[in-house]
Amino acid sequence: MRADRRDALSLLAALALVATCGSVLLAGIGGGGVAPPDGFITGCRISFSGDNTVLVAPGVVRDADDITTITVASTITLTTADQAYSAGTGGGLDTGVTRAANTWYYAHLANSSTVGILLSTSRTAPTLPAGVTNTRWIGACRADAAADWLQCDSYGDAARMMNYVREDPNVAPLRVLNNGSATAFTNLDVSAVVPPEADDVWLWIHSGASGWMLVTSAGFPGVNHERVVNWDANATTADAHGIMISVSRLQSFKYRMFAGSTGHVNVQGYSISCDGTE
């Protein structure tokens, strides 16, 4: 047999094996076959909408203890976050009936006869309501000063981007720097809009005409980690750039302006890892 034909047959055999393995995995995910791996998540994108609503789209996750697979067959809608947990109405709080102001809440899928959304101030150890045996964290959201949601939507599966798509980024709390003028690296605390688990933060940065701004991760200040935001020293109009920068779960980063410049910084969103190993 010619070598090129043998190679072609080997490739076809390999592709057939890949297809078979993929079918086995999908069967396990969908209906009791081989279980998906620890940390698995696909779909189940979450939206914190309006003052009180939480929605989770269809998808599949492996629970936090790698015991069972939780399937969301159709969108779960929790219209009133301020209630004790009830799977029949979409879910609710693990403790009490009212959210606290200026507090991070973690959304867990709660597995019982009906899958619901369990809201807790704990990411790792939510209080389990009666009948709930397994959970999986899928996102976080901040209750603001009025105990309403800072509205955000998730994108992605295990690596999730939480995006503040329905909030005004030009006012507090999303505007974290207004007319900043520090010429030495200065810390910016973003804990009001970025949770402790965040890996990166998405910034929209405005620097004035002929102005330069540098930003750097709080844990790694220095020239090798600086990001130049306005790189046109001869600009005659204000400039703006969107960038991602690591916050390394420190909920802060550093900035500095060149002398005579001012700048603004808005937070657009942040990234978190929901792969079960965080």
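Rules used in this analysis
Residues numbered from 1 in each chain as written. Predicted model: local features only at pLDDT ≥ 70, side-chain atom pairs only at ≥ 80, totals over all residues. Heavy atoms only, no water. Phe/Tyr/Trp six-rings, centres within 6.5 Å; stacked < 30°, edge-to-face > 60°. Helix = DSSP H or I, 4+ residues; strand = E, 2+ residues; numbered from the N terminus. Buried < 20%, exposed > 50% of the residue type's maximum accessible area, 1.4 Å probe, protein only. Lys NZ or Arg CZ within 6 Å of the ring centre and 35° of its normal. Salt bridge = Lys/Arg side-chain N within 4 Å of Asp/Glu carboxyl O. Pairing = 2+ DSSP bridges. Axes fitted to C-alpha atoms, helices over the stretch in contact; angles between N-to-C directions.

Caption draft 1: Here's a closer look at the packing of aromatic side chains. The tally for this structure, following the rule as stated, stands at five aromatic pairs. Considering the side-chain rings of F48 and W149, the 5.1 Å spacing of their centres and the 70° angle between planes classify their relative orientation as edge-to-face. Within this pair, whereas F48 is found in strand β2 (residues 46-49), its partner W149 is found in the loop between β10 (134-143) and β11 (152-155), the two being separated by 101 residues in sequence. According to the relative accessible area criterion, F48 is buried, its value standing at 0%. Where Y105 meets W149, the ring centres are 6.2 Å apart and the plane angle is 80°; that geometry is what we call edge-to-face. With a gap of 44 residues between them, Y105 in strand β8 (residues 103-111) and W149 in the loop between β10 and β11 connect regions that are remote in the sequence. Lying over the aromatic face of W149, R99 brings its terminal NZ or CZ to 4.4 Å of the ring centre. Its end group placed over the ring of W137, R123 keeps NZ or CZ at 5.5 Å from the ring centre.

Caption draft 2: Molecular detail of the pattern of salt bridges. This model, assessed by the stated rule, comprises four salt bridges. When the shortest N-O distance is used, the salt bridge between R99 and D82 registers 2.9 Å. Pair noted here: R99 is in the loop between β7 (91-93) and β8 and D82 is in the loop between β6 (76-78) and β7, with a separation of 17 residues, a long-range link. You can call R99 buried: its relative accessible area is 4%.

Caption draft 3: Highlighting the sheet that holds strand β4 (residues 59-62). Taking strand neighbours across the sheet as the criterion, the three strands line up as β1-β4-β5 in an open arrangement whose pairing is antiparallel. Of all strands in the sheet, those bounded by a partner on one side alone are β1 (41-43) and β5 (69-72). Within this sheet the neighbouring strands show an average axis-to-axis angle of 15°, counted without direction. Across three bridges, the pairing between β1 and β4 is antiparallel. Bridged to G43 within β4 is G59.

Caption draft 4: A look at the sheet that holds β10. Reading across the sheet, the four strands line up as β7-β9-β8-β10 and stay open at both edges, with mixed pairing between neighbours. Here the strands that pair on one side only, and so sit at the sheet edges, are β7 and β10. The average angle at which neighbouring strand axes cross in this sheet is 20°, direction not considered. The sheet contact formed by β7 and strand β9 (residues 116-120) spans three bridges and is parallel. Note on β9: the bridge partner recorded for L93 is L119.

Caption draft 5: Looking closely at the pairing of β5. Burial along β5 is one-sided: I70 and V72 are buried, while T69 and T71, pointing the other way, are not. Sheet topology places β4 next to β5; four bridges connect them, and they run antiparallel. Bridge pairing in β5 links G59 to V72. Taking the residues between adjacent antiparallel strands as the criterion, β4 and β5 are bridged by six residues, where D66 takes a positive phi near 55°.

Bear in mind that shape data such as this cannot, by itself, settle questions of function.
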